[in-house]
Amino acid sequence: MEKLLEVKNLEVSFQTYGGEVQAVRGVSFHVNKGETLAIVGESGSGKSVTSQTIMRLIPTPPGKIKNGQIIFDGEDLVKKTDKEMEQIRGKDIGMIFQDPMTSLNPTMKVGKQIMEVLTKHQKMDKSAAKERAIELLRLVGIPMPEKRVNQYPHEFSGGMRQRAMIAVALASNPKLLIADEPTTALDVTIQAQILELMKDLQKKMGTSIIFITHDLGVVANMADRVAVMYAGKIVEMGTVDEIFYDPRHPYTWGLLASMPSLDSDDKKELAAIPGSPPDLTNPPKGDAFAPRNPYAMKIDFELEPPMFKISDTHYAATWLLHPDAPKVEPPEAVKKRLRKLSSNYPQPIIVKESE
Ligand SMILES: Nc1ncnc2c1ncn2[C@@H]1O[C@H](COP(=O)(O)OP(=O)(O)OP(=O)(O)O)[C@@H](O)[C@H]1O
Ligand SMILES: [Mg+2]
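The structure presented is a predicted model; accordingly, all values stated were derived computationally and were not measured. (Residues numbered from 1 in each chain as written. Chains lettered and ligands numbered in written order. Predicted model: local features only at pLDDT ≥ 70, side-chain atom pairs only at ≥ 80, totals over all residues. Heavy atoms only, no water.)

**Examining the overall build of the chain**
Tallying secondary structure elements over the chain gives 11 helices and 12 strands in all. Against the globule reference of 20 Å for 355 residues, the chain gives a C-alpha radius of gyration of 21 Å, in line with a compact fold. A principal-axis box enclosing the C-alpha atoms of the chain has dimensions of 70 × 45 × 40 Å. Within the chain, counting contacts between residues at least 6 apart in sequence, those at least 24 apart form 65% of the total. Within the structure as shown, the chain displays about 16,900 Å² of accessible surface, and the carbon and sulfur contribution to it stands at 53%. Of the charged side chains in the chain, 45 are positive and 46 negative; the average position of the first set lies 4 Å away from that of the second. (Helix = DSSP H or I, 4+ residues; strand = E, 2+ residues; numbered from the N terminus. Rg over C-alpha atoms; globule rule 2.2 N^0.38 Å. Contact = heavy atoms within 4.5 Å. Areas by Shrake-Rupley, 256 points an atom, 1.4 Å probe, with all protein chains shown as cover. Lys, Arg positive; Asp, Glu negative; His and termini not counted. Charge placed at Lys NZ, Arg CZ, Asp CG, Glu CD.)

**A short note on the side chain of Ser-208**
Structurally, Ser-208 is set in strand S8 (residues 208-212). For Ser-208, the contacting residues outside a window of four places in its chain are Leu-4, Val-31, Asn-32, Lys-33, Gly-34, Glu-35, Lys-175, Leu-176, Leu-177 and Gln-202.

**What about the UniProt feature "domain: ABC transporter" (unreviewed entry) in the chain?**
The sites that UniProt annotates as "domain: ABC transporter" (unreviewed entry) are residues 7-256. Split by type, residues 7-256 is 40% helix and 27% strand. Its first and last C-alpha atoms lie 25 Å apart. (UniProt positions renumbered as here; feature names shortened; annotations may be inferred.)

**Quick word on the nonpolar core**
In terms of nonpolar packing, the biggest core is built from 70 residues, with Leu-5, Phe-29, Ile-54, Ile-114, Leu-176, Met-198 and Ile-210 touching the most fellow members. In terms of residues, this core owes the most to one element, helix H6 (residues 158-171), which gives eight residues. Each residue touching Met-198, except ones within four places of it in the same chain, is listed here: Ile-96, Leu-177, Ala-179, Ile-209, Phe-211 and Met-222. One finds Ala-38, Leu-216, Leu-280 and Phe-289 within the second-largest nonpolar core, a separate group that totals 25 residues. (Core = buried A, V, L, I, M, F, W, Y, C linked by side-chain atoms within 4.5 Å. Buried < 20%, exposed > 50% of the residue type's maximum accessible area, 1.4 Å probe, protein only.)

**Remarks on the sheet that holds strand S12 (residues 315-316)**
Spatial strand order, S6-S7-S8-S3-S9-S10-S12-S11: eight strands in an open sheet with mixed pairing. This sheet does not close on itself; its edge strands, each paired only once, are strand S6 (93-96) and strand S11 (308-309). Bridging between S11 and S12 involves two bridges; their strand directions are antiparallel. Each residue of the ladder has a partner; that of Lys-309, found in S12, is Tyr-315. Seen against the sheet, helix H7 (residues 188-205) touches strand S3 (36-40), S6, strand S7 (176-180) and S8 and runs at an angle of roughly 155° to S8. (Pairing = 2+ DSSP bridges. Axes fitted to C-alpha atoms, helices over the stretch in contact; angles between N-to-C directions.)

**Side note on unusual backbone geometry**
Note the cis peptide between Thr-60 and Pro-61, where omega equals -15°. Following Pro-61, the chain continues to Pro-62 via a peptide bond in cis, the omega torsion being 5°. Positionally, Pro-62 belongs in the loop between helix H1 (47-54) and strand S4 (63-72). One non-glycine residue, Met-144, lies in positive phi territory at about 50°. Among the secondary structure elements, Met-144 is positioned in the loop between helix H4 (126-139) and helix H5 (145-148).

**What to know about the pattern of salt bridges**
Per the stated rule, a full pass over the model turns up 19 salt bridges. Residue Lys-66 is joined to Glu-20 by a salt bridge in which the shortest nitrogen-to-oxygen separation is 3.2 Å. One end of the pair, Lys-66, is in strand S4; the other, Glu-20, is in strand S2 (residues 19-32), with 46 residues separating them in the sequence. The residue Glu-146 makes a salt bridge to Arg-138 at a minimum N-O spacing of 2.7 Å. Overall, Glu-146 belongs to the partly exposed group, its relative accessible area being 44%. Residues participating in the shared-partner salt-bridge network are Asp-73, Lys-91, Asp-92 and Lys-175. (Salt bridge = Lys/Arg side-chain N within 4 Å of Asp/Glu carboxyl O.)

**A word on the site of ligand 1**
Not every one of the 14 residues close to ligand 1 is listed here, only the nearest: Ser-43, Gly-44, Lys-47, Ser-48 and Val-49. The backbone of Val-49 places a nitrogen or oxygen atom 2.9 Å from an oxygen atom of ligand 1. Measuring from an oxygen atom of ligand 1, one finds a side-chain N or O atom of His-214 at 3.3 Å. Out of a free accessible area of 640 Å², ligand 1 has 69% covered by protein chains. Breaking the shell around ligand 1 down by element, the ones donating at least two residues are strand S1 (3-16) and H1. For the shell around ligand 1, a count of residues per class yields four nonpolar, seven polar and three charged. (Near = heavy atom within 4 Å. Polar contact = N/O pair within 3.5 Å; in protein donor to acceptor, adjacent residues only side chain to side chain. Nonpolar A, V, L, I, M, F, W, Y, C, P; charged D, E, K, R; others polar.)

**Overview of the packing of aromatic side chains**
Within this structure, the stated rule accounts for six aromatic pairs. Relative to Tyr-251, the ring of Tyr-230 lies with its centre 4.5 Å away and its plane at 50°, an arrangement referred to as tilted. Of the two residues, Tyr-230 is situated in strand S9 (residues 225-230) and Tyr-251 in helix H10 (residues 250-258); the sequence distance between them amounts to 21 residues. Judged by relative accessible area, which is 3%, Tyr-230 ranks as buried. Judged by its relative accessible area of 0%, Tyr-251 is buried. (Phe/Tyr/Trp six-rings, centres within 6.5 Å; stacked < 30°, edge-to-face > 60°.)

Dropping the structure here:
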């Protein structure tokens, strides 16, 4: 499979009064052409900073890319000028945010914002662009698009703004679409429509998608692979099946037991992971998850675990995977949730390595 994006050892920090926040601490992953990578993790784990850094949208200062490469389509985005990045953002990489107002221009009609992408990057003439803008607004579920196309963002409701932003992002047929909890604020029906829309675009255009979400149902529905982030690092990475049916990192166990799934009604059974993430101005040595890990060993507090390989696609950074570590299993509550999840989703075909 061909890689569209490869992030290598990315480190991003913010200068604050309280010190330097090490928000992203050596993150490496790739996204293949046409695939969807989900990024999951507790609040503050660095999901948004990672994705905004790919777009080069973190404010600098206080933010700074301290190290690493972001190879997109063969070129390192870290080295691009702001002007070059503007081109890439308008054309090759689209982004959908949690908050639509950060990407919509409040002083420009919604239709015009979509048309601008089409005339500039797709070389459409004005009337074709207007037609397509109306079509895109209809596609994302905005009623009366012929009228809405001439309105400003403030005339839209919150949910409609979200959809308008998606229309702008889709207009350029980007090679990579980064979606940072794009549907969190929307009602379930619209959410499902928008996810369908994204999948459809992906099928037609071969778009790669990075999808940040707190919803396990969305992960199951959308993603090919999953990256699990904790305290600015990826701690486990695998195909959806590997993460859902054979998770290896105790943090992933806790996360899977705590993440809601819109299409199931087991919210009461969700258990938050006890304790809280570390202070990123002064990250602990060893495994950052150790203080919250009921299975932590002495070494977890002393030495950072390497990424252990479980399969060609499955990796996890926990000392529990060391050949000398005791064999432990996910707690019963986690296994119960995983069993429940697996009855909600089609059974995976896991080809296990010899055990
Ligand atoms: N502009 C900033 N200045 C200082 N610290 C920042 C800034 N932006 C992000 N951070 C810090 O970087 C860390 C990672 O934040 P990030 O927004 O990536 O988390 P997240 O995983 O997206 O969380 P959530 O699920 O809540 O969206 C946090 O500790 C956050 O406080
Ligand atoms: Mg975020």
